[in-house]
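Descriptive structure summary
Chain by chain, the residues:
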Amino acid sequence: MPSKSVQRGFYLGDVTALCTLEHSSTPTQPRNTSTCGENDFQGNDRRGHTLLAGIGGSVHWYDPFRSGQEALLLVSSVFDSGRIHGIVPAPPFDKSCPVTHFHIGHKVSRPSFLRALVIWGERRVILAAIQCDDLNFVEARLARSVAVLPLLAHWVHDVIPLSHDTVNYGQPTVAVGLADNSVEQWNMPTRATLKVGVTIEPTCIRRIECAMRSVLYSLALYGSSMDDLKVAGGTIFNEIQLWAPSDARNIGMHVERVCLARERPKPWAALSGHEGSILRVRWASDGGHVFSTSDDRTARIWRVPSRHKRDIDLNGTTPGINKNLGGVVTLYGHSSRVWDLHVTSLSKETLVVTAGEDCTVRLWNATPFLSLGKICKGKGDDLDLVDDMFVDEPLAILRGHRGRGVWRAMTMLSPSGEKLMVTAGADASIKLWDIQQYIRSRPDRNEQSREASLAHHQDDESVNVPLATLRARAWPDQNTDSESDLHAGRKCWADANNHEINHYTSTLKDHLGNSKGEYIRVICLSAHLTLYVATNRGRLYMVNVTKAAKNVWHWREIHRVNPRGPVVGLIRVTYFGDISAPGLNEHDLVLGDMHGMISTMKISWNSDEKLVSHESSGLTTQVQQSWQACEPRRLLDVFPGTDNTSEMTEHLFTSEVGGIVKCWKRISTASFTGAECQATWSMLGIAQMPFKQRVLALSYHSDKRLLLCGDQSGNVAVFDVNALSGYPHFHHGTIKSPFGLLAVSQRAHGKSAITLAAIRNVRNIQHDVFSNPEHQIPVEFLTAGRDGWLRTFTLRPVSELVQSHDDQTNIYDERPMLTMPTTKRLHTRSRKQSIGDTHSSLRLATGAPNSNVNSPAPLAPYYFICLTKQRVPEISTMHALRWGKDHWLQKANRWPVGNAQTDSLCIVAGFKETEFVAINMFSHRELLRVQCGGWHRPLSLLIDGDNLAEISFAFVKGDELSLFHSLPRTFGIKPTDGEWSLCELNGWSHGREIHTVRILPPPDVCSEYFGLLTGSEDGSIICHHHTRSSSGQMMHREEEIGVHIGGGAVRAIALFPEFPGGGLVDIVHNTRSYILLSAGAKEVIMAWRVVWIRAECELHFSEAAQYDTWDIRTTLLGAREQAKESKTSNQRCMAVVGFVPLQCRSHHCGLHSVGLSATSDGSLKVLALHSDGSCGSFGVHFKLVTTMHHSSHALISLAVVAMTLNGAATFAMDVVVLACSGATDGTIAIWDLTSIIHSLSTQPSRSGNELTNFHITGKPVVSLPCVHQSGVNSLAMTTSTNGTPGRIFIASGGDDQVIRVTLILINQRNTLEKDKSNLISVDVLQTVHTDFAHGSSIKGVWMDNSGTLATTSHDQRLRVWKVREAANQDLAIAAVAGSFVECPEPETLDACFLGGNVNILYIAVAGRGMQMFCVDHGSLRS
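Think of each chain on its own: its residues are numbered from 1, step by step along the sequence as written. In keeping with the model being predicted, local features are shown solely for residues with a pLDDT of at least 70 and side-chain atom pairs are shown and tallied solely at 80 or more, while totals for entire chains, interfaces and linings include all residues. Neither water nor hydrogens contribute to the side-chain values; these are computed over all heavy atoms in the structure.

1. Considerations on the overall build of the protein chain
Scanning the protein chain from terminus to terminus reveals 8 helices and 92 strands. By the burial criterion, 62% of the 1422 residues in the protein chain qualify as buried. We call two residues contacting when some pair of their heavy atoms lies within 4.5 Å. Taking all contacts inside the protein chain whose residues are at least 6 apart in sequence as the whole, residues at least 24 apart take part in 62%. Where accessible areas are quoted, they stem from the Shrake-Rupley method and a 1.4 Å probe; at the residue level, only the protein chains shown are allowed to cover. If you sum the accessible surface of the protein chain, you get close to 53,300 Å²; carbon and sulfur atoms cover 48% of it. Segments assigned H or I by DSSP are reported as helices when at least four residues long, segments assigned E as strands when at least two residues long, and all are numbered from the N terminus. Think of it in three bands: with a 1.4 Å probe and only protein chains considered, a residue is buried below 20% of the maximum accessible area for its type, exposed above 50%, and partly exposed in between.

What follows is the structure, encoded as structure tokens:
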């Protein structure tokens, strides 16, 4: 089959191999590549290592330290079919590789970088060379094959270059370890080692099989020649066999000689102890130890028995096998299979790294149970080791990958000589971690060494200690001058709850405030090492942690509430114009107590940290102002007027009983001298929550003067702090007036309390949902609750619900479209009653006269529309959000990154049951995990506004106060390293099986931008943004759209343009607004709007100024869940299609679009997406129109098409809409939806969830049985290729490996029969099929009206076909192109013509990963 017209593109999927290369051109000493240690590179190379990754059948070459330039240097396809499983550098073969000369400019370049690599995968082995003459030129980088072994009989598990044998043979020689527990030695001659005109194919010198034949999942080789080669084979029988090829008789025999059973070498040892199959085996660099991982969720370290000490057979003559039970060390902790293991040494530390299926990477400190350095520098059997140790507490747990696990882990060097860890997994991401911080943060084994180490670190400012875990009793010792000598235990910040903390409590018997019942009520972090502690007795302490050798806690009482009472709120504020005196540090605090008093105070102290614990420090507390904010016992909390502590505070907010929020404004600043400054606060107004529940979260937008409040019952409200014109029932003559209620949403988060509120500026006004620009409020409102959801809202005027929609236009396409009026504000109680209750509460709070209560003015001029609803799986209750720029995208030049207006969500922090978790949303790394006991306790979080990597978290648990402090990674790192700490190479994906994919066409005809939408088994939907860089390489970034309700699998998605006929007719160019339907488990169907918007950003590649830059905006419109009575049902949606009807001309019907879902119970459901005001807080509402059944077999595929017929003008409908379904029994049914669509488009809108007044027979127009022998996995419908009206092609693929194309003719019935739903008849004209079109079940089919047909199958092949109608109208189908698909188990595909070029067809294939293909459509026509 010709394949030249198909270009294989970038594969985003499993990363199955990692390898490092040094920059230095000096060859390194030969090494044993089968060892689990890192490459032993020369110490004089200060440029850092580069990284090679095997992804699918291609090698990707990265340089993570090229700050400001593309990290991806080269992508080279190695295997035409199959995946790469291993890469090892082969320094002995460097000189054997031929050199390619490049012409750069007018000069012939000389290679400055040439490395030999041995690459293997499945049954293939290749000797390759990677060459680079100039990193600044893409054309000067090259990877090519030098020698290729023939296809081997078994899978390859390990390959090592044999340096000693290479010298003897004069040609590159390798040892290949195979899955049948055998080893083969091969000669791999290259063009540089042969004479001119001489060609020699690779030859197998010898093959040696182990006497104990077994199937292996893993094998590792150790040695430099066949004479000293050792083999470790991990069998499926839970043991590791150690044997040596040199023990075979006649080892010098040629491979053609039959190896007799008596000549095969026997293992000298069998290591038993695992309770599952061995998944990974590694040798130590000295050959004295073996490391293994297993599917029993453990990793083990084994001491290698001596080959000269074997058990004796029963006959007493033949040496037997050493039976070694157990292991030196067993590492427990992973919750699933352990895929990989790596061992590295840092100074005097030995670190074991394990990577597992649970998506965690665990670091184990080997020093306590192994003699120092024995793993990498041991002396064989004479090791002082402790046998049979079991370790279940890792040094750290790194989380950041997703999906089916982490496949590979290894280490590399940065330009400054520091060691980094690299991990890669099923989610396609390659992450870099600073391994130094975990070693430096580990507590030493004795107090003296720790104090000495900390003292050394204090003097060295370049040392980065990422997290200090500081714990003290909740009270200071009054006999020690308010100074607690609790030392700081060092601990890894990645998993704070898995390491022992040393407590020193002997001096803490007598405490301040030791009377019964006194406890800490509130804590507030004002700086990363300074916090304020307030009690229920009104005492306020300043707690400071010094940077001394012992990290001493200094407690000092600075204030007491008089009369004594609990402190209910404590915050730090920043005033504009504050100037601290030289040598002084100052903090401004606001304190609220039970008596309803608010106090503002200034804390000043000497900036010399050594004097903090003495009276000479000059610590002073100045109470600037105290006032009665409310009646006693009604004050609940105090909120700042800004979410960022570094921003100036001009407003304060207090929360009271009954949902009352008061705003206090700083109206003047008195004159001051030196460090004395005084602020005067006065009440600005009152905001009354309509439902009188306690306000727990609050956010204020100072520019727009908007106030967002969320209460304990899940209600959300927005208030206008500006002038109150337009609200006659409010008082205007006093400043103490209630704020205007703009919008309110009852139970926005169900009955769950609101824990977070934020107001953000809209990045681009173009994607706002308002149709009247005068009413636009360019902000978004974000709320999070204890239900685990983060919702984004915007406001829409109530007046638009009643105005005419006849003149509305689509703001994206500038053409008439169906508008979407949306949600009512209050939907559980009557509008009149809610207005009356709210007005009454406002009148009681402000003294408004009764005459204003019955005012006809609306309760609020706006209402909420929910734009997005998303969940972070690792967090169940969100506590804090931070926005920032993805600096790595800018540094690595992976995507055009803009100014501050393009800030994205960077950090999400919150609770996962009893743990506090902070996650970087850019890199998906876990920044912090602390076992704090949950949110029912005093706690405080501080995230640096300028450096989002610096985090402090303090909490009280029992009688202990704990502080976790993470320093930024860039502290103390040399500039030559660039921004590697922000790197996440290769992007990321689901990490699970992708069931469906759709291509989002470009926003413009000539645009280089396009998108890919994928739905996966993990329940998530991801949008992949694609464009091209200045060098022509494809740039991509990923963004998660959302997660299905319940987290069930997404089985199918449908994407269609948001204009009349979208999804039925061809896409109009420059379409920028689309509707996305997703369906899956538990019959969940969700609707999203996907819109292209222009991104106003600063571009970072040279050609970007010539083009518009685009971003993709997604909005959640609505969702349909399974009925309550069938919640336990396992029925699921298997396929979904959608479209906007062409006939929908009347706006009063409220119809927006139509969706069809095929379910596993054999039913076809027609759903109407309505926008009639009953949509809750979303934009549309799903209404069930009808359910049609044909058989009990599950429907697994769907397609829809619309067309006109001859004489259609006499029809009651303008067009005919047909649907086609495929079942598991091989039946294809054709359904007529014309009457249904006509009824939906003309009838008035009705409330409720069902529309049932239709004359539907529930039967298809025609049923085609046994089209396939089993399931019809995929369908495609299109109009005839010759444009004849009424002729439709149906292409199908099934489990029988057959592609079938059926041509049908649609005819108008002459007379209407009793069955009014079927106004047409269907005749099957012809059928053509191709048997065994693929080697496995066909999973994806796509076809267009030009006759181009694309299919994919589990055989990992993409094939392109051409369907033609001959002159005699006979059909013919022929294969015209094809390609291997690198992603395993392809399940779906989609195709589209992009960039306005009708000659280039882009095809996306997805399965366990995703890959793009380009097909030259012009050559297919010829």
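2. Digging into the sheet that holds strand β4 (residues 58-62)
Across the sheet, which stays open at both edges, the 4 strands sit in the order β2-β3-β4-β5 with antiparallel pairing between neighbours. Strands with a single pairing partner mark the edges of an open sheet, and in this sheet they are β2 (15-22) and β5 (72-77). Each neighbouring strand pair of the sheet contributes to a mean axis angle of 20°, computed without reference to strand direction. Pairs of strands are assigned from DSSP output, requiring at least two bridges between the strands. Relative to strand β3 (residues 49-55), β2 runs antiparallel, the two being bridged by 7 bridges. Directly across from glutamate 22, in β3, lies its bridge partner histidine 49. Structural elements are reduced to axes, namely lines fitted to C-alpha atoms, with helices fitted over the stretch in contact, and the angle between N-to-C directions of any two is expressed from 0 to 180 degrees.

3. Examining the nonpolar core
One recurring pattern in soluble globular proteins is that nonpolar side chains are buried together. Buried residues of nine kinds, namely Ala, Val, Leu, Ile, Met, Phe, Trp, Tyr and Cys, make up a nonpolar core once their side-chain atoms join them within 4.5 Å. Ranked by size, the top nonpolar core spans 34 residues in total, and within it Leu18, Leu51, Tyr62, Val422, Ile430, Ile1403 and Val1405 carry the most contacts. Not counting residues up to four positions away in its chain, the partners in contact with tyrosine 62 are Thr50, Leu51, Ala53, Ile55, Ala71, Leu72, Leu73, Ile430, Leu985 and Asn986. Leu1151, Leu1198, Val1215 and Ala1223 belong to the second largest nonpolar core, which has 27 residues in total.

4. Here's the deal with the pattern of salt bridges
By salt bridge we mean one thing: a side-chain nitrogen of Lys or Arg within 4 Å of a carboxyl oxygen of Asp or Glu. Using the criterion set out here, one finds 35 salt bridges in the structure. A salt bridge links arginine 83 to aspartate 14; the nearest nitrogen and oxygen atoms lie 3.0 Å apart. Within this pair, whereas arginine 83 is found in the loop between β5 and β6 (86-89), its partner aspartate 14 is found in the loop between β1 (6-13) and β2, the two being separated by 69 residues in sequence. The salt bridge involving aspartate 588 is made with lysine 602; its shortest N-O contact spans 2.8 Å. Here lysine 602 lies in strand β42 (residues 597-606) and aspartate 588 lies in strand β41 (residues 584-593), a separation of 14 residues in the sequence. Residue aspartate 588 shares its accessibility class with lysine 602, and that shared class is buried. Put simply, Asp180, Glu184, Arg207, Glu209, Arg213 and Arg264 are held in one network by salt bridges that share partners.

5. Considerations on the environment of arginine 1028
By the secondary structure assignment, arginine 1028 is in strand β68 (residues 1020-1028). Its relative accessible area of 31% is what places arginine 1028 among the partly exposed residues. Spatially, the C-alpha atoms of arginine 1028 and glutamate 1008 are 6.5 Å apart, while their sequence positions differ by 20 residues.

6. Some thoughts on helix α7 (residues 1234-1242)
Inspection of α7 places Thr1234, Ser1235, Ile1236, Ile1237, Leu1240 and Ser1241 among the buried residues, and these make up the whole buried set. Those residues of α7 that are buried are in contact with β74 (1133-1139), β75 (1151-1159), β76 (1163-1170), β77 (1181-1189), β79 (1216-1223) and β80 (1228-1232).

7. Some remarks on the pairing of β4
For β4, the tally of buried residues reaches 5 of 5 residues, placing the bulk of the element in the interior. Here 5 bridges tie β3 to β4, and the two strands are oriented antiparallel to one another. Residue pairing for β4: leucine 52 is matched across the bridge by tryptophan 61. Counted along the chain from β3 to the antiparallel partner β4, the turn is 2 residues long, and its residue glycine 56 has a positive phi close to 65°.

8. Digging into the side chain of arginine 1089
Examined against the element boundaries, arginine 1089 turns out to sit in strand β72 (residues 1085-1094). A residue is classified by how much of its surface remains accessible, and arginine 1089, at 10% relative accessible area, is buried. Within 3.5 Å is the distance limit for a polar contact, defined as a pair of N or O atoms, with the added protein rule that one can donate a hydrogen and the other accept it, and that residues adjacent in sequence qualify only through two side-chain atoms. At 2.6 Å, the side chain of arginine 1089 and the side chain of glutamate 1058 are in polar contact.

9. Examining the environment of leucine 707
Among the structural elements, leucine 707 can be located in strand β49 (residues 706-711). For the pair formed by leucine 707 and leucine 741, sequence separation is 34 residues and the distance between their alpha carbons is 9.5 Å. Discounting chain neighbours no more than four positions away, the residues touching leucine 707 are Phe653, Val661, Ala687, Leu698, Ser699, Tyr700, Ala717, Val718, Phe719, Val721 and Phe739.

10. Quick word on the sheet that holds strand β71 (residues 1073-1080)
Two pairing modes exist for strands in a sheet, parallel and antiparallel, and in both the strands are linked by backbone hydrogen bonds. Spatially, the 4 strands line up as an open sheet ordered β70-β71-β72-β73, and their pairing is antiparallel. Both edges of this open sheet fall to β70 (1050-1057) and β73 (1110-1120), since each of them pairs with a single strand only. This sheet shows a mean twist of 20° between the axes of neighbouring strands, independent of strand direction. Inspection of the sheet shows β72 paired to β73 by 10 bridges, in the antiparallel sense. In the sheet register, valine 1091 faces β73, and the bridge partner there is arginine 1113.

11. A look at the confidence of the model for the protein chain
Per-residue confidence from the predictor is given as pLDDT, running between 0 and 100. Averaged over every residue, the pLDDT of the protein chain is 75; residues scoring 70 or more account for 68%. Mean pLDDT values for the elements of the protein chain range from 31 in strand β35 (residues 489-490) up to 95 in strand β66 (residues 994-1000). Under a pLDDT of 50 for its full length, residues 970-978 has, in the predicted model, 18 contacts with residues more than four places off or in other chains.

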